[in-house]
Amino acid sequence: MVLSIDPNKVSVIDSECRACGQAGQMRILPTNIPNFREIILMSFACPHCGHTENDVQEAAELGVGA
């Protein structure tokens, strides 16, 4: 699966909740930290059970960016 993610713009993707299996939303924001590197902020929320997850990953780990 290939996702088109715009830098500095929040992308919203429907995703399955790990807790209850219902549909939730993953929000993804790629951003650059000057003098550090490009990172991706991710946040998941399930409106059905209230489960949330947050993560920060290096963009290179996900094959995004240069």
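Because the structure is predicted, anything quoted here is derived from the model rather than measured.

*Asks:* Tell me what's going on with the overall build of the chain, and back it up with residues and numbers.
*Replies:* Of regular secondary structure, the chain possesses zero helices and four strands. The secondary structure elements of the chain, listed N-terminal to C-terminal, are β-β-β-β. Counting across all 66 residues of the chain, residues that qualify as buried make up 20%. Restricting to contacts in the chain with at least 6 residues of sequence separation, those with at least 24 account for 19%. Looking at the chain as shown, the accessible area adds up to about 4800 Å², and 50% of this sits on carbon and sulfur atoms.

*Asks:* With reference to specific residues and values, describe the state of the cysteines.
*Replies:* In total, this model carries zero disulfides according to the counting rule given. C46 provides the cysteine sulfur closest to C20, a residue in no disulfide bond, and the two sulfurs are 3.7 Å apart. Not part of a disulfide, C49 finds its nearest cysteine sulfur in C17, a span of 3.8 Å.

*Asks:* Summarise the sheet that holds strand 3 (residues 37-45); cite the residues concerned and give the values.
*Replies:* Taken in spatial order, the four strands make up an open sheet running 1-2-3-4, and their pairing is antiparallel. A strand with exactly one partner marks an edge of an open sheet, and here the two such strands are strand 1 (11-16) and strand 4 (52-58). Averaged over all neighbouring strand pairs, the angle between strand axes comes to 25°, with direction disregarded. Bridge count for strand 2 (residues 23-33) against strand 3 is nine bridges, and the pairing is antiparallel. Counted as the bridge partner of I33 is R37 from strand 3.

*Asks:* How would you sum up the pattern of salt bridges? Please name residues and give values.
*Replies:* Across all of its chains, the model carries two salt bridges by this definition. In this structure, E53 engages R18 in a salt bridge whose closest nitrogen and oxygen atoms are separated by 3.7 Å. In this pair, E53 sits in strand 4 while R18 sits in the loop between strand 1 and strand 2, placing the two residues 35 residues apart along the sequence. Linking R37 and E58 is a salt bridge whose minimum nitrogen-to-oxygen distance equals 3.5 Å. Taken together, the positions of R37 in strand 3 and E58 in strand 4 put the pair 21 residues apart, joining distant regions of the chain. For E58, a relative accessible area of 27% corresponds to the partly exposed category.

Rules of the game
Residues numbered from 1 in each chain as written. Predicted model: local features only at pLDDT ≥ 70, side-chain atom pairs only at ≥ 80, totals over all residues. Heavy atoms only, no water. Helix = DSSP H or I, 4+ residues; strand = E, 2+ residues; numbered from the N terminus. Buried < 20%, exposed > 50% of the residue type's maximum accessible area, 1.4 Å probe, protein only. Contact = heavy atoms within 4.5 Å. Areas by Shrake-Rupley, 256 points an atom, 1.4 Å probe, with all protein chains shown as cover. Disulfide = S-S within 2.5 Å. Pairing = 2+ DSSP bridges. Axes fitted to C-alpha atoms, helices over the stretch in contact; angles between N-to-C directions. Salt bridge = Lys/Arg side-chain N within 4 Å of Asp/Glu carboxyl O.

The analysis is restricted to geometry; functional conclusions fall outside its scope.
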